[in-house]
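Structural overview for review
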Amino acid sequence: MNQHRDIFLMCAPEYFEVSYIINPWMEGNVAHGNRANAQGQWQALMHALQQVAQVECMPAVAGVPDMVFTANGGLLLGDQVVLSSFLHVQRQAEEAHFAAWFAARGLRVLHMPHALPFEGAGDALLDRAADLLWFGHGHRSDAACAPLLAELLDIEVQAVKLVDPRFYHLDTCFCPLQGGYLLYYPDAFDTAAQACIAARVPLEKRCAVSREDALNFACNAVNSGEHVFLNHASPALIAQLQQWGFRVHQLALTEFMKAGGAAKCLTLKMNEPRRKAGMPTRLSDDSLPAAAPAV
Ligand SMILES: NC(=O)NCCC[C@H](N)C(=O)O
């Protein structure tokens, strides 16, 4: 097996449902989900990912329906993971389950100061081409996390403010891709953040997606090598991605959109080297945790 395959953590939707409202997508959807459909959609995503990457599964737990969104469990870099501390009480019980799983997986679990909301890889996205961590705040994660993440993980952090409640996590409207490319929805950001993104990512490498694509969760994409997995993309967006050399895989994730998530939120990348290849490191330990058996 190719040992450089990406490894993604998923959690089966055994107990997934919309049973409370903590984002605008959930409004009107309480008890309107179809778990059998959700299971089918989740399986299809897992099987598609398994064609190009490895998938690990953590056990689902009754009473925490949003734990299916593993991206929100923490932010992983090298052998460390910064555990999330959820803004909403409805998700806070997930923290202990993620912490136990990460520790058993051999990761060093780091904590944000008590009571500082931080929602993991939902709001903190690595841009490997620039060796940069993009950090979204304004809805869930607290802006004060940015310098703490830089210190804890020894990485440059670029904070960007989110302003549209429908795009409440950075990964709903921003997706760094291999090679320094970027999909994003500019209107989800304040003007300072829009200017910052434009200054840091060259025009030819950045695609401002349409409102329609954004609302179809096109930015909530999983990228593994040349592959991009997403709920739905317009022909224009598919053409752009293909022109950049990507292969687009559309997988309906409509059951999860009722809770405000899609492909990217349903995964957490488990092998993120501390530095991109060839970059000097200020830290001595560049090791990665051992992989658990694939499912
Ligand atoms: N955007 C994400 O990273 N995750 C989706 C989380 C959905 C969940 N219902 C929430 O509002 O926290």
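Residues numbered from 1 in each chain as written. Predicted model: local features only at pLDDT ≥ 70, side-chain atom pairs only at ≥ 80, totals over all residues.

A look at the overall build of the protein
The number of helices and strands found in the protein is eight helices and 15 strands. For a compact globule of 295 residues, the expected C-alpha radius of gyration is about 19 Å, and the protein comes in at 17 Å, within 12% of that figure. On the principal axes, the C-alpha backbone points of the protein span a range of 50 × 45 × 40 Å. Considering the protein as a whole, with its 295 residues, one finds that 45% of them fall into the buried category. For the protein, the proportion of contacts with a sequence separation of at least 24, taken over those separated by at least 6, is 69%. (Helix = DSSP H or I, 4+ residues; strand = E, 2+ residues; numbered from the N terminus. Rg over C-alpha atoms; globule rule 2.2 N^0.38 Å. Buried ≥ 20, exposed ≤ 12 C-beta atoms within 10 Å, placed from the backbone. Contact = placed C-beta atoms within 7 Å.)

Describing the site of the ligand
Around the ligand sit 16 residues, and of these Phe 69, Gly 122, His 169, Gly 261 and Cys 265 come closest. Of the residues assigned to the shell around the ligand, the class counts are six nonpolar, seven polar and three charged. (Near = placed C-beta within 6 Å. Nonpolar A, V, L, I, M, F, W, Y, C, P; charged D, E, K, R; others polar.)

Regarding the sheet that holds strand S12 (residues 222-224)
Here three strands make up an open sheet; going across it, the order is S12-S13-S14 and the pairing mixed. Unpaired on one side and paired on the other, S12 and strand S14 (247-250) mark the two borders of the sheet. Across this sheet, the average inter-strand angle for adjacent strands is 20 degrees, counted without regard to direction. As judged from the three bridges shared by S12 and strand S13 (residues 227-230), these two strands associate in the antiparallel manner. (Pairing = 2+ DSSP bridges. Axes fitted to C-alpha atoms, helices over the stretch in contact; angles between N-to-C directions.)

Points about the environment of Asp 66
Mapped onto the fold, Asp 66 is located in the loop between strand S2 (54-58) and strand S3 (74-77). A tally of 25 C-beta atoms within 10 Å means that Asp 66 is categorised as buried. Expressed as a C-alpha distance, the spacing of Asp 66 and Gly 179, which sit 113 residues apart in the sequence, is 31 Å.

With respect to the confidence of the model for the protein
Residues at a pLDDT of 70 or more form 92% of the protein, whose mean pLDDT is 93. Low pLDDT (under 50) marks residues 280-295, which in the prediction has 32 contacts with non-local residues, meaning those over four places away or in another chain. For this predicted complex, the interface confidence reaches an ipTM of 0.98, while the overall pTM sits at 0.93. (pLDDT = per-residue confidence, 0-100.)

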